[in-house]
Amino acid sequence: MSQIKFEIPEEELMKSGHVACPGCGASLAMRYALKALGKNTMVVIPACCWAIIDGPNPCSVNGVPVLHTAFETAAIAATGIKHGLIRQGKGDTTVMAWAGDGGTFDIGLQSLSGAAERNEDIIYVCYDNEAYMNTGIQRSSATPYGAWTTTTPVDQPKSTPKKNIIDIMLAHHIPYAATASVAYPDDFIRKMKKAKSIKGMKFIQVLSPCPPGWKSHPEESIHISRMAVDSKIFPIFEVEDGQKYIINIKPRNIPVKDYLQVQGRFKHLTDEHIKRIQSDADHNWQILLKKVEMGRLFSDN
Ligand SMILES: Cc1ncc(C[n+]2csc(CCOP(=O)(O)OP(=O)(O)O)c2C)c(N)n1
Ligand code: SF4
Ligand SMILES: [Mg+2]
């Protein structure tokens, strides 16, 4: 039997004692991110589940300085810290903004856009659990088409598709953007290290299962994350300099139905809904392949 070999740094900066739910993808994502970035890092967290997961003030599970900030200000607070550090001669400290999808796709988008347009030297990670989980599972613009949330009940599920945040970030001409998954820690850690080595704005979107919000079993979080990739619902890729697209994980091409049926938030979907989700996933995958091709053409010239 073949063995999967991971190259994950052993040092744990995130300690035990966090207060996330069992099976929380967001808590695992932080653990990997800090392993990649190391001690010389500062983290900025706006209002989101991670503001709680981190522990009650003055405790923090993260072995690096953390600034808790207002919901809409992750990118600008991280920018301010980075400039302050540079003025103090500590510009080698990595500053990471760490926000949920609500704080990124919706309410923090203005400050994120400003920081991206100025090409601020920060890493911005969106742990994407596809809804406002901390306040009781309200839909965000990252919530996928058809999903149940408390504001998109089963008789009126989300009627619009998930916002394409990577495309929005790339429209700012940032040097690096990537998607990642807690099911592929070696890929995620490599991307975080790469982001650390690049100057300017780096944006990483990591899909982070949330068992209470997705109505899934905690022990299945990694399996579900893998199915998101294999069904092409959430492709894993990176984009260098806005045009060189690289697909990092080859999907096994499973039907989207397999991914949807293990999550209670999709239980009400009709065959018509599922057909549309399959067709959207196929279409988006074809577009991604075209972008990879175009990127190759540009870099060959
Ligand atoms: C300006 C403002 N509006 C609303 C809130 C309430 N609030 C706190 S956390 C949160 C949900 C955050 O959602 P997301 O960013 O997706 O992170 P998650 O909770 O899913 O981890 C909301 C609505 C707030 N703190 N500040
Ligand atoms: S509600 Fe979801 S995102 Fe929040 S701590 Fe629990 S599992 Fe994690
Ligand atoms: Mg969220």
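Residues numbered from 1 in each chain as written. Chains lettered and ligands numbered in written order. Predicted model: local features only at pLDDT ≥ 70, side-chain atom pairs only at ≥ 80, totals over all residues. Heavy atoms only, no water.

Asks: Which parts of the structure should I look at to understand the overall build of the protein?
Replies: A count of helical and extended segments in the protein gives eleven helices and eight strands. Its C-alpha atoms give the protein principal-axis dimensions of about 60 × 55 × 45 Å. Within the span of the protein, comprising 301 residues, buried residues form 52% of the whole. In the protein, once contacts between residues fewer than 6 apart in sequence are set aside, the share between residues at least 24 apart is 69%. Surface exposure of the protein reaches about 13900 Å², of which carbon and sulfur atoms provide 55%. (Helix = DSSP H or I, 4+ residues; strand = E, 2+ residues; numbered from the N terminus. Buried < 20%, exposed > 50% of the residue type's maximum accessible area, 1.4 Å probe, protein only. Contact = heavy atoms within 4.5 Å. Areas by Shrake-Rupley, 256 points an atom, 1.4 Å probe, with all protein chains shown as cover.)

Asks: What's the story with the nonpolar core in this structure? I'm lost.
Replies: Side chains that are nonpolar tend, in soluble globular proteins, to be buried together. Within the largest apolar cluster, 35 residues are counted, with the highest numbers of intra-cluster contacts made by Met 30, Trp 50, Met 96, Trp 98, Phe 188, Met 192 and Ile 204. When contributions to this core are tallied by element, the ones reaching two or more residues are helix H1 (25-37), strand S1 (41-45), helix H2 (49-53), strand S3 (94-100), strand S4 (123-128), strand S5 (176-181), helix H7 (185-197) and strand S6 (202-207). For this core, the element with the highest residue contribution is H1, accounting for eight residues. Once residues lying within four places of it in the same chain are set aside, the contact partners of Trp 98 are Ala 26, Ala 29, Met 30, Ala 33, Val 43, Val 44, Ile 45, Pro 46, Trp 50, Val 125 and Tyr 127. (Core = buried A, V, L, I, M, F, W, Y, C linked by side-chain atoms within 4.5 Å.)

Asks: Explain the site of ligand 2 to me, please; I cannot follow it from the model alone.
Replies: Every residue near ligand 2 is listed here: Ala 20, Cys 21, Cys 24, Cys 49, Ile 53, Asn 129, Cys 210, Pro 211 and Pro 212. Elements supplying a minimum of two residues to the shell around ligand 2: H2 and helix H8 (211-214). Along the lines of polarity and charge, the residues of the shell around ligand 2 split into eight nonpolar, one polar and no charged. (Near = heavy atom within 4 Å. Nonpolar A, V, L, I, M, F, W, Y, C, P; charged D, E, K, R; others polar.)

Asks: Explanation requested: the site of ligand 1 in the structure shown.
Replies: Not every one of the 17 residues close to ligand 1 is listed here, only the nearest: Gly 102, Gly 103, Tyr 127, Ala 131 and Asn 134. Asp 101 places a side-chain nitrogen or oxygen 3.2 Å from an oxygen atom of ligand 1. The backbone of Gly 102 places a nitrogen or oxygen atom 2.8 Å from an oxygen atom of ligand 1. Alone, ligand 1 offers 580 Å² of accessible surface; in the complex the protein occludes 74% of this. Among the elements that make up the shell around ligand 1, the one with the highest residue count is helix H4 (residues 101-106) (three residues). (Polar contact = N/O pair within 3.5 Å; in protein donor to acceptor, adjacent residues only side chain to side chain.)

Asks: Quick question: what am I supposed to make of the environment of Ala 178 here?
Replies: If you trace the backbone, Ala 178 turns up in strand S5. When residues no more than four places from it in sequence are discounted, the contact partners of Ala 178 are Ile 166, Lys 191, Phe 203, Ile 204, Gln 205, Phe 237 and Glu 238.

Asks: Help me understand the sheet that holds S4, please; the structure alone is not making it clear to me.
Replies: Strands pair in a sheet through their backbones, by hydrogen bonds, and they do so in one of two ways: parallel or antiparallel. An order of S2-S1-S3-S4-S6-S5-S7-S8 is seen for the eight strands of this open sheet, with the pairing classed as mixed. The open sheet terminates on both sides in strands that have one partner only, identified here as strand S2 (66-68) and strand S8 (244-247). Here the average twist between neighbouring strands, direction ignored, is 20°. Direction of pairing for S5 relative to S6: parallel, over a ladder of six bridges. Pairing of Ala 177 across the sheet is with Phe 203, part of S6. Most of the contacts of H1 go to S3, to which it runs at about 170°, and overall it touches S1, S3, S4 and S6. Lying over the sheet, H7 contacts S3, S4, S5, S6 and strand S7 (237-240), oriented at roughly 160° with respect to S5. (Pairing = 2+ DSSP bridges. Axes fitted to C-alpha atoms, helices over the stretch in contact; angles between N-to-C directions.)

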